[in-house]
Every structure is written in structure tokens, then in C-alpha cells.
Amino acid sequence: MKVRAIMAALAATGLMVGASAAQAAGESLEVLHWWTSGGESKAIGVLKDDMTKQGYTWKDFAVAGGAGAAAMTALRSQVIAGNPPSAAQIKGPLIKEWADQDVLVDINSAAKSENWQKNLPPEIDTIMRAGKKDGDYYAAPFSVHRVNWLYINKAALDKAGGKVPTTWDEFFTVADKMKAAGIMPIAMGGQPWQDLTLWEDVVLSQGAPFYKKAIVDLDQATLTGPQMHKVFDTVRKIQGYFDAGRNGRDWNLATAMVINNKAGMQFMGDWAKGEFANANKKPGVDYVCAPVPGTDKAYTFNVDSFVFFKEKGQDKATAGQLALAKTIMSPAFQEQFSLYKGSIPVRLGVSMAKFDDCAKKSYADEQTALKAGGYVPSLAHGMAQSDAVAGAITDVVTKFMNSNESTDDAIKALANAAKTK
Ligand code: GAL
């Protein structure tokens, strides 16, 4: 382990010329992530192949479970047992929570030699620096996912009149028409994070300023006011269109229902597009991607990233960890990963020429939202609040969506959850 730390230090200062192949051949990288669906595994497979070509040994530590709740539990026990992975999928404020525990190595030499500061939007650059502008880099970003999407099966939409809904009233009209045509209107999964994903979509449909006050600022008056009542009431109405079999259903199985003409629509971030692409389905032909009703000017962002753990006796990133960070941010990887994953590159200046119309729309809408103040962090995907606050709000929403609780009671619980320290 000592040798590894020395080699890494040499590599970091650029003194290890010619030795990197030998170092690489000896280094194995254990990588913890939750990318196990069809589209997700294709995307992470690009990184595995790339690192293998560079001479590293990839030890895959995949923990299934959308949005990573199970992966985070596995990570905590590995770290407590003194056996952290070389790299793990961590994002948003959680990067800072782990960095504050002094268990991460910085990846400054990779970030500085490739000028990440210039090549990332400032909002994202700060997150990679554990929340500090101009601080050390602790994370390497993969891509930008937009969360506020509605996926619609094209044939089902045509049977329901062909008009993409842009308001909740139009949405309910389409859902009713699908129902009348014998089509299950909504494919919904059954896990707490999927409940929260839908709920935050509906919060966003009240406007980005409302979303920011409620979800970023946790403003009590906003959390308990009339617009929040409307949010819960709308969620309740949407639930009326779910099928009985949603309990425990994974998000990608819900996507498969839309792909295979078993259901009309799904609310999901654009990792769902990775599933459509993996099934050779084309936007505009087989399916339609549209912003969630009422959210066309806004953009809930979700940026995946890896952090790098100190192993015993190690205080600097190893050559392998730095190579991993550099590869993740390289333009060629950024392009291929997002083509499979459904996202768009987070690195600025990567060409969008090979991307489909949904990705191009995501890119254009991101630019508009950035300028107009509509670019907001996703709560359901770990970008907006600490784990504790996000967890408390998730409990409130999921309880509401899995019981007959009244909106008034849910709002009281929400106001309390927002006070979680
Ligand atoms: C998100 C993650 C995405 C996607 C999704 C479902 O939280 O950021 O990359 O994989 O979970 O697993």
C-alpha cells in the first residue's frame, strides 16, 4: 500500500514518466455503482473497457437498485469495515458529507491538468469541489440527467388524440382517452425514490421559483401554503391512473411497459431514454419525450459523479484513481457514455451531433433554464439537500402515496420533515 501511495504521489507530480504502464498493470480498481439496468450497464461498460485498455483491472461492485439507496447502504458498511472501494458513485451534497469525514482523496492533479474549471458549468464545478468554490476537487462528473420528463408511447398517444399534454388538464384528458381505448395510462414503479420523483415533478409544475423556495430554501410558508396543497391534490389525482401492480416495481420495468405497448406514459428522468435506446426505439417514431406538464421552461438537474476513497495508509490519489477521473471527463467518454445513458455530456463543448432529438432538446432547454433561472437541483436524486433532509421528505411523500392520508396531514408532516437537522 505504501508503494502505491508513493507511486501515486510521483504520478501526481509528473515524475513517474515511463513507469505508468508497470503501475497500471499492478493496480486493480474496485468500483461501486448502481448501474445495472440494460441502458445503465451499457453506459458503465464504456468506462470499464476504457480502463481495461489502459491496463487497469476493473473489479465491478454493482449494487442493484434504482437511485442508489441499496448502493449507499453497502458503501457505508464497506467504509466502516475499513474496506472502502477505490471509487464510488456519490453525488451532490453527499460529496461534501463524505469529504468532511476525511475518507476521500482529492483528484486535483487530474482536474487541474485538464482544466475542469473551464470545462464545467460553474454550478457543477462547485459541487465537484465538495460545495466550495475554488476548493479541492473530490468528484468526477459523468453527465447531466434531466429529471422532469414524461415518456409517452407514440401509438398510445395517437389513439388518445395525438396531442402532447402541456398542462395537467391536458394530461388528464390524454390519460382518460387512453383508459377509454383500453390502454393503461401510467406505468409507475413502486419505490420511495420513484414516489419522490413524481412529487418533485409536480412541485416544479408550480414554477421554478416555487420549487426553489420549497425544496432548496425549505421555506416554511411555501411548504405549507395553498400551492403545496395543490401539489398533493394533483399527486392524488395522478395516482388514480396507476395500476394495482406497482408495489415494489423497478423503474426500468415500468419503462419496459411503455416500450412494449403495455402502458401509455411514464414520469421518469432521462436514464429511461437509455432503456428506449437499448431496445432500438426511436424518439418521434416509437415514443415521445416531453417535459412534465407545466415544466417546459424548467430543468431539474441530476449529475452523477464518482468519488475516490483512501485505502489503508494512502493519503493521495493513486495513478489508477487519477486515470479514472481523467477518463470520466474526457470528451470521447463523455459522448459515448451519454449516448447509452440517455443523458447529455456535463463537459462543455462536447458535440451534440450524434445525439437524438430528446437529448438535443435537453441540451437546448438546459441552456434556456440556465439563463432564465429555471435550472434547479433534483431532490429525489440527491442534488438538493443532505441525506437526512431528503430522507425525511421522502418518508412523508411515500407515506402519503401509499395510504389515504389527507393533504392537510401530509403538509403538517412535510413542514416537520423540513426541519430535520
Ligand atoms: C439516478 C441516477 C441515474 C439513474 C437512476 C436510476 O439517481 O442518477 O444515473 O441511474 O438513478 O438508477
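Just above, that's the structure.
Residues numbered from 1 in each chain as written. Predicted model: local features only at pLDDT ≥ 70, side-chain atom pairs only at ≥ 80, totals over all residues. Heavy atoms only, no water.

### Some details on the sheet that holds strand β7 (residues 287–291)
Within a beta sheet, neighbouring strands are joined by backbone hydrogen bonds and run either parallel or antiparallel to one another. Applied cut-off: A pair of strands counts as paired when DSSP detects no fewer than two bridges linking them. Runs of E in the DSSP output that reach at least two residues are strands. Runs of H or I that reach at least four are helices, and both are numbered from the N terminus. To obtain each axis, a line is fitted to C-alpha atoms, and for helices this fit is confined to the stretch in contact; angles are then taken between N-to-C directions over 0 to 180 degrees. We call two residues in contact when some of their heavy atoms are within 4.5 Å.
Pairing is antiparallel across the open sheet formed by three strands, whose spatial order is β6-β5-β7. Each having just a single partner strand, β6 (265–267) and β7 make up the two edges of the open sheet. On average, adjacent strands in this sheet sit at an angle of 20° to one another, irrespective of strand direction. Relative to β6, strand β5 (residues 149–153) is paired through three bridges, and the arrangement is antiparallel. Counterpart to L150 in the pairing with β6 is F267. Strands β5 and β6 of the sheet are contacted by helix α15 (residues 251–259), whose axis makes an angle of about 150° with β6.

### Observations concerning the pairing of β5
A regular strand places its side chains so that they alternate between the two faces of the sheet. We count it as follows: Only protein chains enter the accessibility calculation, which uses a 1.4 Å probe; a residue is then buried when its area is under 20% of its type maximum, exposed when over 50%, and partly exposed in between.
The element β5 is extensively covered by neighbouring structure, given that five of its five residues are classed as buried. Side chains W149, Y151 and N153 project from β5 onto one buried face, and the interleaved L150 and I152 project onto a second face that is buried too. As paired strands, β5 and β7 are joined by five bridges and run antiparallel to one another. Within β7, the residue paired with W149 across the bridge is P291.

### Looking at helix α21 (residues 407–417)
Applied cut-off: The arc in question is traced by the directions running from the helix axis to the C-beta atoms.
The set of residues buried in α21 consists of T407, A410, I411, L414, A415 and A417. Within α21, the buried residues cover an arc of 160° as seen down the axis, which keeps them to one side. Among the exposed residues of α21, those oriented more than 90 degrees off its buried face are K412 and N416. In this structure, the buried residues of α21 make contact with α11 (192–204), α13 (220–224), α14 (226–239) and α20 (387–401).

### Some words on the nonpolar core
In plain terms, the rule: Here, nonpolar core refers to any group of buried Ala, Val, Leu, Ile, Met, Phe, Trp, Tyr and Cys residues whose side-chain atoms link them within 4.5 Å.
Within the largest apolar cluster, 68 residues are counted, with the highest numbers of intra-cluster contacts made by L47, F306 and L324. In terms of nonpolar packing, the next biggest core, distinct from the first, is built from 56 residues, L198, Y241, M265 and F267 among them.

### Some words on the site of the ligand
Spelled out, the test is: Each residue is tested against the molecule or strand, and it is near if at least one of its non-hydrogen atoms lies within 4 Å. Here a polar contact is recorded for every N or O atom pair within 3.5 Å, except that within protein the pair must consist of a potential hydrogen donor and a potential acceptor, and residues adjacent in sequence are included only if both atoms are side-chain atoms. Reported accessibility uses the Shrake-Rupley method at a 1.4 Å probe radius. Residues are deemed covered only where the shown protein chains occlude them. Definitions used throughout: a 1 Å grid over protein atoms alone; a cavity as a set of points that fits a 1.4 Å probe which cannot get out; a pocket as an open set with protein on both sides within 12 Å along at least five of seven lines; a lining residue as one with an atom within 4 Å of a point. Grid points define the cavity or pocket, and a molecule sits in it when more than half of its atoms lie within 2 Å of them. In this count, Pro and Cys sit with the nonpolar residues alongside Ala, Val, Leu, Ile, Met, Phe, Trp and Tyr, while Asp, Glu, Lys and Arg are called charged and the others, Gly among them, polar.
Taken together, 13 residues are adjacent to the ligand, and E40, K91, D304, K341 and H381 come closest. A distance of 2.4 Å separates an oxygen atom of the ligand from a polar side-chain atom of E40. A distance of 2.9 Å separates an oxygen atom of the ligand from a polar side-chain atom of H381. Burial of the ligand by the protein chains amounts to 100% of its free accessible area of 300 Å². For the ligand, the cavity whose grid points lie within 2 Å of the majority of its atoms is the largest cavity. Tallied by class, residues from the shell around the ligand come to five nonpolar, four polar and four charged.

### Focus: helix α4 (residues 69–80)
Heads up, the rule is: By this rule, a helix spans an expected 1.5 Å times one less than how many residues it contains.
Spanning 12 residues, α4 covers 17 Å between terminal C-alpha atoms, matching the ideal 16 Å at 1.5 Å per step. Those residues of α4 not exposed but buried are A71, M72, A74, L75, Q78 and V79. Projected onto a plane normal to the axis of α4, the buried residues spread over an arc of 160° and lie on a single side. Away from the buried face of α4 by more than 90 degrees, exposed residues A69 and I80 are located. Remark: G82 follows α4 within two positions and exhibits a positive phi of approximately 75°.

### Details of the layout of surface pockets
For the record, the criterion: Grid points are joined across faces, edges and corners, and a volume is the space filled by probe spheres set on the points.
Volume-wise, the largest pocket comes out at about 550 Å³. Around the largest pocket, the lining comprises 26 residues; the ones closest to its centre are A67, A69, M72, A380 and D387. Mapped by element, the contributors of at least two residues to the lining of the largest pocket are α4, α5 (93–99), α11 and α20. For the lining of the largest pocket, the class distribution of residues is 13 nonpolar, 10 polar and three charged.

### A word on empty space enclosed by the protein
Enumeration according to the criterion identifies one cavity of 30 Å³ or more in this entry. For the largest cavity, the calculated volume is near 90 Å³. Taken together, 13 residues line the largest cavity, and the ones lying closest to its centre are W34, E40, A67, W271 and H381.

### Quick word on the environment of G68
Within the fold, G68 resides in the loop between β2 (57–62) and α4. Sequence separation between G68 and A256 is 188 residues; the distance between their C-alpha atoms is 20 Å.

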